Amino acid sequence: MRIDIITGLPSLLESPLNDSIVKRSQTKGIVEIHLHDLRDYSTDKHKNIDDYAFGGGAGMVMSAEPIATCIDALSENCAYDEVIYTTPDGDTFNQRTANRLSTFKNLIILCGHYKGVDQRIRDKYITREISIGDYVLSGGELAAAVITDAVVRLLPGVLNDETSALTDTFQDDLLAPPVYTRPAEWRGMEVPPILISGNGPAIETWRMDKAMERTKERRPDLWEKFNQQSES
Ligand code: 6GU
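Residues numbered from 1 in each chain as written. Predicted model: local features only at pLDDT ≥ 70, side-chain atom pairs only at ≥ 80, totals over all residues. Heavy atoms only, no water.

## Topic: the environment of Cys70
Moving on, step 1. Note on placement: Cys70 falls in helix H3 (residues 64–77).
Moving on, step 2. As for Cys70 and Lys225, which are separated by 155 residues in sequence, their C-alpha atoms are 41 Å apart.
Moving on, step 3. Not counting residues within four places of it along the chain, the set of residues in contact with Cys70 comprises Ile6, His36 and Tyr41. (Helix = DSSP H or I, 4+ residues; strand = E, 2+ residues; numbered from the N terminus. Contact = heavy atoms within 4.5 Å.)

## Re the sheet that holds strand S1 (residues 2–7)
Moving on, step 1. On the basis of which strands lie adjacent, the open sheet formed by 5 strands has the order S2-S1-S6-S5-S7 and parallel pairing. Edge strands, defined here as strands with exactly one partner in the open sheet, are strand S2 (32–37) and strand S7 (128–131). Along the sheet, successive strands turn relative to each other by an average axial angle of 30 degrees, direction set aside.
Moving on, step 2. Sheet analysis places S1 next to S2, joined by 6 bridges and oriented parallel. Counted as the bridge partner of Arg2 is Glu32 from S2.
Moving on, step 3. Packed on one face of the sheet, H3 meets S1, S2, strand S5 (82–92) and strand S6 (106–111) and runs near 165 degrees to S1. (Pairing = 2+ DSSP bridges. Axes fitted to C-alpha atoms, helices over the stretch in contact; angles between N-to-C directions.)

## Side note on the side chain of Thr86
Moving on, step 1. Relative to the assigned elements, Thr86 resides in strand S5.
Moving on, step 2. According to the relative accessible area criterion, Thr86 is buried, its value standing at 2%.
Moving on, step 3. Polar side-chain contacts of Thr86 include one of 3.3 Å to the backbone nitrogen of Gly112.
Moving on, step 4. Apart from residues lying up to four places away in sequence, Thr86 is in contact with Ile109, Leu110, Cys111, Gly112, Ile130, Gly140, Ala143, Ala144 and Ile147. (Buried < 20%, exposed > 50% of the residue type's maximum accessible area, 1.4 Å probe, protein only. Polar contact = N/O pair within 3.5 Å; in protein donor to acceptor, adjacent residues only side chain to side chain.)

## A few points about the domain arrangement of the protein
Moving on, step 1. Its domain assignment divides the protein into domain 1 (2–152) and domain 2 (169–231).
Moving on, step 2. Spacing between the C-alpha centres of domain 1 and domain 2 amounts to 36 Å. (Domains from an automatic or database assignment.)

## Observations regarding the packing of helix H7 (residues 200–218) against helix H8 (residues 220–231)
Angle between the axes and distance between the axes: these two values describe a pair of packed helices.
Moving on, step 1. Two numbers describe how H7 lies on H8: the axes approach to 5 Å, and their chain directions differ by 125 degrees. In terms of axis orientation, H7 runs oblique to H8. Seen from H7, the contacting residues are Met208, Met212, Thr215, Lys216, Glu217 and Arg218; seen from H8, they are Pro220, Leu222, Trp223 and Phe226.
Moving on, step 2. Per-class residue counts for the contact of H7 with H8 are 6 nonpolar, 1 polar and 3 charged. (Parallel < 35°, antiparallel > 145°, perpendicular 65-115°, else oblique. Nonpolar A, V, L, I, M, F, W, Y, C, P; charged D, E, K, R; others polar.)

## A word on the site of the ligand
Moving on, step 1. Thr86, Thr87, Pro88, Ile130, Ser131, Ile132, Gly133, Tyr135, Leu137, Gly139, Gly140 and Ala143 make up every residue found near the ligand.
Moving on, step 2. Within the contact set of the ligand, a nitrogen atom lies 3.4 Å away from a side-chain nitrogen or oxygen of Ser131.
Moving on, step 3. Note that a nitrogen atom of the ligand is positioned 2.9 Å from one of the backbone N or O atoms of Ile132.
Moving on, step 4. Expressed as a share of its isolated accessible area of 290 Å², the protein-covered part of the ligand is 96%.
Moving on, step 5. The element best represented in the shell around the ligand is S5, accounting for 3 residues.
Moving on, step 6. For the shell around the ligand, the per-class residue count stands at 6 nonpolar, 6 polar and no charged. (Near = heavy atom within 4 Å. Areas by Shrake-Rupley, 256 points an atom, 1.4 Å probe, with all protein chains shown as cover.)

Shown next, in the form of structure tokens:
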């Protein structure tokens with residue numbers, strides 16, 4: 001997979017993309033991530049990438065030309081499956097969207113900033129608009145990092161234990177069960193005996209029960225969805 005991220009603040013993305021699992025998947029050659037600094041595509045002498053909003057009002061708007069130049073240049077070398085724009089008024093990101101995006105070969109993520117981008121960029125280039133939740137971030141860079149992380153960890157070969165992503169919270173609309181590691185007794189607190197029983201099927205049943213219990217308690221909305229699915 002190839003992900004091209006277009007941003008006015010590339011430094012904000014460098015650290016999250018160059019550590020841990022996302023870094024490892026780049027080293028392994030499973031994903032190629034390229035950061036593009038919008039300022040490199042600005043044609044004016046001050047390297048501006050934004051301008052005042054027509055009609056007035058506070059806040060700058062990201063100009064169309066540098067973005068279009070960047071997307072056009074990228075598209076000459078690559079056919080993109082989606083051109084994503086990160087914006088608080090986009091569709092809320094979830095595991096289903098992450099799963100879908102992980103099946104694509106080439107993605108562009110344009111990070112929104114200031115008061116957003118000129119609407120004409122959205123009209124002409126953007127195929128999907130994503131928000132990561134109902135709160136406002138200073139820019140779309142952290143959202144792009146969240147999306148990239150959630151997608152990359154799903155790619156085959158990224159996680160050591162291939163089944164691990166499948167047992168994640170949300171993958172089957174259930175929260176994950178509690179987990180424990182050594183020592184079996186810690187400060188007077190014991191691990192549930194079933195987990196050290198060696199009885200594989202009983203452990204699976206216990207985990208499923210705990211996952212359902214947690215979901216019912218903490219996320220009644222997911223619990224309802226889970227029950228509807230089990231019925232159908
Ligand atoms: Cl994608 N961008 C910004 N600026 N704020 C957000 C967001 C995105 N998602 C949630 N809040």
